[in-house]
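Structure assessment
Here is how the chains run, residue by residue.
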Amino acid sequence: MDTSIDDRIHGNQVFKASMRAQWDTAAAGWNAHTAHISAWLRKPTDAMCSMAGVRAGARVLDVAAGSGDQTLAVAQTVGAQGYVLATDLSPAIVALARDNAVRAGLAQVETRVADGEDLDVPEASFDAAVCRLGLMFFPDPLRGLRAIHRALRPGGGLCTMVFSRPEKNPCLTILMSTALKHAGLPARNPFAAGGLLSLGRPGHIDTLFTSAGFVDVATTAIDAVFHLPSVDHYLAFVRSSASPILQILGRLDAAAAESAWSDMRERLMVFTTTDGWDGPNELLLTAGRRPEETT
Ligand SMILES: C[S@@+](CC[C@H](N)C(=O)[O-])C[C@H]1O[C@@H](n2cnc3c(N)ncnc32)[C@H](O)[C@@H]1O
């Protein structure tokens, strides 16, 4: 095998092992903030489900499902005659998704630990697929899109949700740049593969969808203000569940990390309003479908 391909595969495996460990650590925090996340993403999630073609009785694949907030929304739409397979790289977060589905009494949900780039599911076995705030963390998102394309029946739809450009997501850029500065690390290319904003470059995700074989590809940008009672609620969310930031600050001792958090707080205060705190975000919903079989 070509050494460069070998190196790339090895690099992706190392990257994913680190990603899995980060999300195993952040799983409980992400799950504990479900009410806030759910309110923040309600409208975009409804739009994502409808753009993917999630409907009563459908078999739906949920990739990078996390602790399953959108999985439960999908399960309610498909109903008892439908089926949802929620998959994620992190065993700890998948266990929480399973508990949440059981607690909600949604027997149509199955959960599985799976790398979204290597989905071990039968070909053409799903009517629709969704991936909410997950694809940007894949080191090779095209491989992930090809895996989802293969899992869909001809005519089946996919809709993904990712963050858009850095300028439209100032909270994330503040968090990232402040964390890097305090950790003594150089600024990063926001569009580098596997990062929070990696799929935000205009047009990039549409090209990936098309390269993976999807047709009728279209992206819609949608504002998603994260409304919280105060900046401290946002920081509490970030401190317990924003794994990319936690990974950078994990290099610092406690005092240095506190200084970084306090610097972030000061910069994020700018989004304080008369009735709380409104953090601007822009999301991209990209939809496409596997072409119908031609005879
Ligand atoms: C920001 S969370 C989103 C979780 C959930 N979709 C939601 O919106 O609440 C990102 C998720 O992507 C998962 N993830 C990252 N890389 C992945 C990969 N290669 N395959 C599957 N899941 C992955 C993480 O484990 C994490 O649960």
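Note that the coordinates shown come from a computational prediction; the quantities given were computed from them, not determined experimentally. (Residues numbered from 1 in each chain as written. Predicted model: local features only at pLDDT ≥ 70, side-chain atom pairs only at ≥ 80, totals over all residues. Heavy atoms only, no water.)

Below, the discussion takes up the layout of surface pockets. Each pocket or cavity is described by its volume, and for the largest pocket that value is around 490 Å³. If you trace the largest pocket, you find 21 residues lining it, with Met176, Arg188, Asn189, Gly195 and Leu196 closest to the centre. For the lining of the largest pocket, the secondary-structure elements that each account for two or more residues are helix 1 (3-32), helix 6 (170-182) and helix 9 (243-249). Ranked by residues supplied to the lining of the largest pocket, first place goes to helix 6 with five residues. For the lining of the largest pocket, the per-class residue count stands at twelve nonpolar, eight polar and one charged. The calculated volume of the second largest pocket comes to roughly 240 Å³. Residue lining of the second largest pocket: Arg8, Ile9, Asn12, Gln13, Lys16, Ala17, Arg20, Asp115, Glu117, Asp118, Asp140 and Arg143, and that is the complete set. For the lining of the second largest pocket, the leading source of residues is helix 1, giving seven residues. Residue classes in the lining of the second largest pocket are distributed as two nonpolar, two polar and eight charged. (1 Å grid on protein atoms, 1.4 Å probe; cavity = no way out; pocket = protein on both sides within 12 Å on 5 of 7 lines; lining within 4 Å. Points joined across faces, edges and corners; volume = space filled by probe spheres on them. Helix = DSSP H or I, 4+ residues; strand = E, 2+ residues; numbered from the N terminus. Nonpolar A, V, L, I, M, F, W, Y, C, P; charged D, E, K, R; others polar.)

Between its terminal C-alpha atoms helix 10 (residues 254-268) stretches 21 Å, which fits the 21 Å expected from 15 residues at 1.5 Å a residue. Within helix 10 the residues assigned to the buried category are Ala257, Ala260, Trp261, Asp263, Met264 and Leu268. Looking down the long axis of helix 10, one finds its buried residues gathered within 160° of arc, a one-sided arrangement. Residues Ala255 and Glu266 are exposed on helix 10 and point more than 90 degrees away from its buried face. Lining the buried residues of helix 10 we find helix 6, helix 8 (231-241), helix 9, strand 8 (272-273) and strand 9 (276-279). By the N-cap criterion, in which a side-chain oxygen at the helix start approaches the backbone nitrogen of a residue two or three places on, helix 10 is capped by Asp253, the distance to Ala255 being 3.2 Å. (Expected span 1.5 Å × (residues − 1). Buried < 20%, exposed > 50% of the residue type's maximum accessible area, 1.4 Å probe, protein only. Arc of directions from axis to C-beta. Contact = heavy atoms within 4.5 Å. Polar contact = N/O pair within 3.5 Å; in protein donor to acceptor, adjacent residues only side chain to side chain.)

This part is about helix 4 (residues 91-103). With 13 residues, helix 4 should reach 18 Å at 1.5 Å per residue; the first-to-last C-alpha distance of 18 Å fits that figure. All buried positions along helix 4 are accounted for by Ile93, Val94, Leu96, Ala97, Asn100 and Ala101. Buried residues in helix 4, looked at end-on, bunch into an arc of 160°, giving them a common side. Facing away from the buried side of helix 4, by more than 90 degrees, are the exposed residues Val102 and Arg103. Where helix 4 terminates, the next one or two residues include Gly105, which has phi positive at roughly 70°.

Taken together, 18 residues sit near the ligand, with Trp30, Ala64, Asp88, Gly116 and Arg132 positioned nearest. Here Gln70 contributes a side-chain N or O atom positioned 3.2 Å from a nitrogen atom of the ligand. In the environment of the ligand, an oxygen atom lies 2.6 Å from a nitrogen or oxygen atom belonging to the side chain of Arg132. If the ligand stood free it would expose 600 Å²; the protein chains cover 98% of that surface. The biggest single contributor to the shell around the ligand is helix 1, with three residues. (Near = heavy atom within 4 Å. Areas by Shrake-Rupley, 256 points an atom, 1.4 Å probe, with all protein chains shown as cover.)

In this sheet, strand 3 (residues 109-113) lies alongside strand 2 (residues 83-88) in parallel orientation, the contact comprising five bridges. Counterpart to Ala86 in the pairing with strand 3 is Thr111. The handedness of the strand 2 to strand 3 crossover, carried by helix 4, is right-handed. (Pairing = 2+ DSSP bridges. Right-handed = clockwise from strand over helix to strand, strands pointing away.)

Attention now moves to the nonpolar core. Burial of nonpolar side chains together is a common tendency in soluble globular proteins. The biggest cluster of nonpolar side chains holds 94 residues, and the ones touching the most others in it are Val54, Phe163, Tyr234, Ile245, Met264, Leu268 and Trp277. Ranked by residue count, the leading element in this core is helix 6, at seven residues. Other than its neighbours up to four places away in sequence, Tyr234 contacts Cys171, Leu172, Leu175, Phe226, Leu228, Leu268 and Trp277. (Core = buried A, V, L, I, M, F, W, Y, C linked by side-chain atoms within 4.5 Å.)

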